[in-house]
Amino acid sequence: MVTPVSRSRHRPRAVRVPVAEIPLSTRRSTTRQPAPHPEPAVPGHFLCPISLDMMRDPVTAPTGITYDRASVEGWLDRGHSTCPVSGRPLRAEDLIPNHATRRMIQEWCVANRALGVERVPTPRVPVSAADAAELLAAVPAAARRGDGSACRQLAARARALGKESERNRRCLAAAGAARALALAFGQLVDRLSLTALTATGTLEEILAALVVFFPLDEASRRHIASPAPLAAAVSIMSRGEATARASAAVVLREIASSCDAECLDAMCEAEGIHEALAKLLEKPVSPPATKAALVTAYYLVQHADHRAASRLVELGMVRLLVELLVDADKGTAEKALAVLDSLLLTEEGRGEARANALAVPVLVKKMQHVSDMATEFAVSALWRLCKHDGGFSGGEIEGTCKAEALQVGAFQKLLLLLQVGCMGVTKERASELLRILNGSRSGVECIESVDFKGLKRPFL
């Protein structure tokens with residue numbers, strides 16, 4: 001007797017698929033998404049006639065026309081001297097805050113908050129020329145009294161106002177903010193001890209405020225570049241807190257890049273400035289501080305011939321620059337290559353670079369890899385390393401540089417550079433480098449890529 005088989009035993013079982021495994025395209029939502037609310041129309045009298053956007057800080061001109069402050073001041077800053085609507089003469093000093101319109105705009109924003117409209121904050125009253133003059137006159141006055149605490153508070157006030165808006169910054173700068181702060185810096189250093197001033201953070205606050213009101217005029221630069229104030233700035237750059245070191249580095253860069261011969265003479269003679277610059281590269285505090293240190297070092301080397309270069313080489317600057325170049329960004333790489341090329345003008349600098357296993361590969365890598373400026377400096381630096389130098393005999397070190405350059409593809413890059421096109425000194429040095437390297441090409445294997453992390457970094 002055959003036992004009948006139930007159909008249910010052969011019926012395939014339904015497989016429960018987790019919701020997470022179901023493709024999103026096959027899911028069906030059971031709830032309807034609410035339709036977005038339409039954006040409310042902004043009343044026409046809330047719109048600025050210049051930008052056609054809702055005004056955030058309405059001001060009224062003598063002509064009776066109301067504008068947004070940022071728009072109309074931008075209009076005047078671009079060289080216009082008339083009202084955009086009426087064409088009548090207009091000055092920035094003639095603009096009056098329109099509080100009634102501003103309150104109406106804020107009330108409208110609150111009423112339409114449910115529709116996604118954000119409330120316009122109450123704008124702060126901008127600094128007037130009289131207020132700026134009064135504030136800045138008080139800074140050197142407090143310094144003459146030897147009141148470091150008052151100076152710190154006033155400098156902090158000026159910095160906060162300058163960062164609050166571009167209008168405030170321009171108003172304070174026009175009133176002589178940089179000169180007043182620089183004068184107070186020098187007066188405090190002459191009257192109080194550096195230990196007391198750095199303990200209270202007075203000098204650091206003045207330097208931070210100075211950064212807001214760049215560029216520095218000649219009088220401001222001379223105040224800071226005097227022997228005692230300059231020594232204080234160098235000390236802060238070397239031993240201060242991270243933010244203070246960055247501010248000091250940026251101020252010294254501003255002075256050095258002005259190419260003021262008197263200031264550069266004083267900076268070259270300042271005790272500890274080369275050590276402070278090397279320390280900023282060895283233990284960086286911020287990218288702006290690193291770039292500022294590189295710019296300052298470049299101008300010192302250019303101004304002081306071989307004296308500054310030799311001192312920086314003694315402090316290991318060649319090694320620091322080469323290691324910095326391995327993964328530097330565009331701006332940092334250009335500045336580092338400029339300093340390195342300047343250091344290679346000295347025999348000591350070339351010797352340190354030739355002894356560094358990273359130097360030649362990094363220079364070749366930066367060719368046509370960063371920018372035209374970086375390429376020019378990289379070609380120049382490699383040319384200084386590979387060309388005949390009477391200070392070395394036997395050609396052994398020189399031959400090693402040429403072999404390293406060939407191994408990492410310098411010959412091919414130089415050929416490509418000449419084919420693409422380069423001008424002036426760079427073209428001459430690239431052509432000479434090709435002639436130098438061409439004589440050593442036989443028997444040298446070219447490496448397609450270089451592992452910079454795997455290269456041995458010599459201890460200096």
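Residues numbered from 1 in each chain as written. Predicted model: local features only at pLDDT ≥ 70, side-chain atom pairs only at ≥ 80, totals over all residues. Heavy atoms only, no water.

A.B. asks: What is the right way to look at the overall build of the protein in this model?
C.D. replies: Summing up its helical and strand segments, the protein has 24 helices and three strands in all. When burial is assessed residue by residue, the protein has 45% of its 460 residues classed as buried. A separation of at least 24 residues holds for 68% of the contacts in the protein among residues at least 6 apart in sequence. Accessible surface for the protein amounts to roughly 25000 Å². Of this, 52% is attributable to carbon and sulfur atoms. (Helix = DSSP H or I, 4+ residues; strand = E, 2+ residues; numbered from the N terminus. Buried < 20%, exposed > 50% of the residue type's maximum accessible area, 1.4 Å probe, protein only. Contact = heavy atoms within 4.5 Å. Areas by Shrake-Rupley, 256 points an atom, 1.4 Å probe, with all protein chains shown as cover.)

A.B. asks: Explain the sheet that holds strand β2 (residues 66-68) here, please?
C.D. replies: Across a sheet, paired strands are connected by hydrogen bonds in the backbone, their directions being either parallel or antiparallel. Sheet architecture is open: three strands sit in the order β2-β1-β3, paired in antiparallel fashion. The two strands at the open ends of the sheet, each matched to only one other strand, are β2 and β3 (96-97). Where strand β1 (residues 58-60) lies against β3, two bridges are found, and the strand directions are antiparallel. From the neighbouring strand, Thr-60 faces β3, where its bridge partner is Ile-96. Taken strand by strand, helix α2 (residues 69-77) contacts β1, β2 and β3, and its axis lies near 90 degrees from that of β2. (Pairing = 2+ DSSP bridges. Axes fitted to C-alpha atoms, helices over the stretch in contact; angles between N-to-C directions.)

A.B. asks: Where do I start with the packing of aromatic side chains in this structure?
C.D. replies: Centre distance and the angle of the planes are the two values used to describe a pair of aromatic rings. Applying the stated criterion across every chain yields a total of two aromatic pairs. Seen from their ring centres, Phe-46 and Trp-108 are 6.3 Å apart, and the 70 degrees between their planes marks the pair as edge-to-face. Residue Phe-46 is located in the loop between α1 (7-10) and β1, and its partner Trp-108 is located in helix α3 (residues 99-111); the two are separated by 62 residues in the primary sequence. An identical accessibility class is assigned to Phe-46 and Trp-108; each is buried. Ring centres 5.6 Å apart and planes at 80 degrees place the aromatic pair Tyr-298 and Tyr-299 in the edge-to-face group. (Phe/Tyr/Trp six-rings, centres within 6.5 Å; stacked < 30°, edge-to-face > 60°.)

A.B. asks: Just checking my understanding: could you explain the pattern of salt bridges for this structure?
C.D. replies: Proximity of charged atoms lets side chains of opposite charge pair with each other. A full pass over the atoms with the stated rule returns 22 salt bridges. Arg-307 is paired through a salt bridge with Glu-269; the nearest N and O atoms lie 3.4 Å apart. Taken together, the positions of Arg-307 in helix α16 (residues 306-314) and Glu-269 in helix α13 (residues 261-269) put the pair 38 residues apart, joining distant regions of the chain. Between Arg-311 and Glu-275 there is a salt bridge; the shortest N-O distance is 2.3 Å. Residue Arg-311 is located in helix α16, and its partner Glu-275 is located in helix α14 (residues 273-282); the two are separated by 36 residues in the primary sequence. For Arg-311, a relative accessible area of 29% puts it in the partly exposed group. (Salt bridge = Lys/Arg side-chain N within 4 Å of Asp/Glu carboxyl O.)

A.B. asks: Where do I start with the packing of α14 against helix α15 (residues 287-303) in this structure?
C.D. replies: What describes two packed helices is the angle between their axes and the distance between those same axes. The N-to-C vectors of α14 and α15 enclose an angle of 145 degrees; their axes lie 9 Å apart at closest approach. Considering how the two elements wind past one another, α14 and α15 form a crossing that is left-handed. Residues Ile-273, His-274, Leu-277, Leu-280 and Leu-281 of α14 pack against Ala-289, Thr-290, Ala-293, Leu-294, Thr-296, Ala-297 and Leu-300 of α15. A breakdown of the residues in the contact of α14 with α15 according to their chemical character gives nine nonpolar, three polar and no charged. (Left-handed = near helix turned anticlockwise from the far one by under 90°. Nonpolar A, V, L, I, M, F, W, Y, C, P; charged D, E, K, R; others polar.)

A.B. asks: Could you clarify how one ought to interpret α3 in this entry?
C.D. replies: Residues lying three or four places apart along an α-helix face the same way, a consequence of the helix completing one turn every 3.6 residues. Compared with the 18 Å implied by 1.5 Å per residue over 13 residues, the 18 Å span of α3 between its first and last C-alpha is a close match. Every buried residue of α3 is accounted for by Thr-101, Arg-102, Ile-105, Gln-106, Trp-108 and Cys-109. Along the long axis of α3, the arc covered by the buried residues comes to 160 degrees, so they all point the same way. α3 presents Glu-107 and Ala-111 as exposed residues on the side facing more than 90 degrees away from its buried surface. Those residues of α3 that are buried lie in contact with β1. (Expected span 1.5 Å × (residues − 1). Arc of directions from axis to C-beta.)

A.B. asks: Just checking my understanding: could you explain the packing of helix α12 (residues 242-257) against α13 for this structure?
C.D. replies: Running from amino to carboxyl end, α12 crosses α13 at an angle of 130 degrees, the nearest separation of the two axes being 8 Å. One way to sum up the angle between α12 and α13 is to call them oblique. Every residue of α13 that contacts α12 at Leu-252, Ile-255 and Ala-256 is listed here: Cys-263, Leu-264 and Met-267. Residues that form the contact of α12 with α13 fall into these classes: six nonpolar, no polar and no charged. (Parallel < 35°, antiparallel > 145°, perpendicular 65-115°, else oblique.)

A.B. asks: Hey, could you run me through the side chain of Lys-366 in this one?
C.D. replies: Turning to its location among the elements, Lys-366 is positioned in helix α20 (residues 359-366). Within the structure, the side chain of Lys-366 is placed 2.9 Å from the backbone oxygen of Leu-325, a separation counted as a polar contact. (Polar contact = N/O pair within 3.5 Å; in protein donor to acceptor, adjacent residues only side chain to side chain.)

A.B. asks: I tried to follow the nonpolar core on my own but got confused; where do I start?
C.D. replies: Generally speaking, soluble globular proteins have nonpolar side chains that are buried together. Met-237, Leu-321, Leu-343 and Leu-382 are the most contacted members of the largest nonpolar core, which has 120 residues in total. Residues Val-59, Ala-61, Val-72 and Leu-95 belong to the second largest nonpolar core, which totals 17 residues. (Core = buried A, V, L, I, M, F, W, Y, C linked by side-chain atoms within 4.5 Å.)

A.B. asks: For this particular structure, what's the right way to read helix α11 (residues 227-239)?
C.D. replies: Over its 13 residues, α11 extends 18 Å from the first C-alpha to the last, a length consistent with the 18 Å expected when each residue adds 1.5 Å. Here α11 has its buried residues at Pro-229, Leu-230, Ala-232, Ala-233, Val-234, Ser-235, Ile-236, Met-237 and Ser-238.

A.B. asks: Honestly, the state of the cysteines in this entry has me stumped. Any pointers?
C.D. replies: A covalent bond between the sulfur atoms of two cysteines is what we call a disulfide. The final tally for this structure, using the stated rule, is zero disulfides. A disulfide-free cysteine, Cys-401 has its sulfur positioned 5.5 Å from the sulfur of Cys-386, the nearest such atom. (Disulfide = S-S within 2.5 Å.)

A.B. asks: Which parts of the structure should I look at to understand the confidence of the model for the protein?
C.D. replies: The predicted coordinates ought not to be read in detail in places where the model reports low pLDDT. Here the protein averages 87 in pLDDT, while 85% of its residues score no lower than 70. Taken as a whole, residues 389-398 scores under 50 in pLDDT and shows 12 contacts with residues more than four places along the chain or in a different chain. (pLDDT = per-residue confidence, 0-100.)

A.B. asks: Can you walk me through unusual backbone geometry in this structure?
C.D. replies: Working note: non-glycine residues mostly have negative phi, and peptide bonds are mostly trans. With an omega of 0 degrees, the peptide bond running from Phe-214 to Pro-215 counts as cis. Within the secondary structure, Pro-215 sits in the loop between α9 (202-212) and α10 (218-224). Even without being glycine, Gln-368 reaches a positive phi, approximately 55 degrees. Exposure remark for Gln-368: the relative accessible area of 34% places this residue in the partly exposed category.

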